[in-house]
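# Summary of structural features
Chain by chain, the residues run as shown.
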Amino acid sequence: MQLTVNGIDTFVATGGRSFDPSLPAVVMLHGAGFDHSTWALHSRWFAHHGYSVLAPDLPAHGRSSGKPLPTIADMADWTAALIAAAGAPKAKLVGHSMGSLIALETAARHADKVSGLSLIGTAATMTVGARSPESRRGRRP
């Protein structure tokens, strides 16, 4: 299906079923340089098991137009706008690699739009907190 998200003509795969905003929504976010086809089997399974699926081609990827969004924060804001453009109140986000960073940032910036996260192939810098096992042993990474 085609959606306009923040003025960008966006291709969104739906797993072979029409998007129904009354069902729980799942947004599948691909990694850098990939497109919706990364999620072909996953999106089909969810779409045929009680979910509405949005597997977009990010701007300037695959069949979507526009220029590449320069930051993860920009892509997170765009993802929140995608959810709104589809008419879903909120969605579970599934992200691979860069898509997982987008999912994390979307949850942080737009918590009202996110009902859950699934992150695949994620790498992120973490600060050791005062309650972590590492800090209790006096080690810092």
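Worth saying up front: this structure is predicted, and the values here are computed from it rather than measured.

What counts and how
Residues numbered from 1 in each chain as written. Predicted model: local features only at pLDDT ≥ 70, side-chain atom pairs only at ≥ 80, totals over all residues. Heavy atoms only, no water. Phe/Tyr/Trp six-rings, centres within 6.5 Å; stacked < 30°, edge-to-face > 60°. Buried < 20%, exposed > 50% of the residue type's maximum accessible area, 1.4 Å probe, protein only. Lys NZ or Arg CZ within 6 Å of the ring centre and 35° of its normal. Pairing = 2+ DSSP bridges. Helix = DSSP H or I, 4+ residues; strand = E, 2+ residues; numbered from the N terminus. Axes fitted to C-alpha atoms, helices over the stretch in contact; angles between N-to-C directions. Contact = heavy atoms within 4.5 Å.

### Structural notes on the packing of aromatic side chains
- Evaluation of the coordinates by the stated rule reveals 2 aromatic pairs.
- With centroids separated by 5.2 Å and ring planes inclined at 85 degrees, the aromatic side chains of Trp45 and Phe46 adopt a geometry described as edge-to-face.
- On the numbers, 5.3 Å between centres and 75 degrees between planes, the contact of Phe46 with Tyr51 is edge-to-face.
- Since its relative accessible area comes to 24%, Tyr51 is described here as partly exposed.
- Taken together, Trp45, Phe46 and Tyr51 form an aromatic cluster joined through their ring pairs.
- The ring of Phe11 carries the charged tip of Arg63 above its face, separated from the ring centre by 4.3 Å.

### A word on the sheet that holds strand E3 (residues 25–29)
- Taken in spatial order, the 6 strands of this open sheet run E1-E2-E4-E3-E5-E6, and their pairing is mixed. Both outer strands of the open sheet, strand E1 (2–5) and strand E6 (114–120), are each paired with one neighbouring strand and no more. Looking at each pair of strands side by side, their axes are set apart by 30 degrees on average, direction ignored.
- Across 3 bridges, E3 lies against strand E4 (residues 52–56) in parallel orientation. Each bridged residue has a counterpart across the sheet, and for Ala25 the counterpart in E4 is Ser52.
- Those strands touched by helix H2 (residues 72–86) are E1, strand E2 (8–13), E3, E4 and strand E5 (91–96), and its axis lies near 125 degrees from that of E1.

Everything listed here is a matter of coordinates, which is why it stays silent on function.
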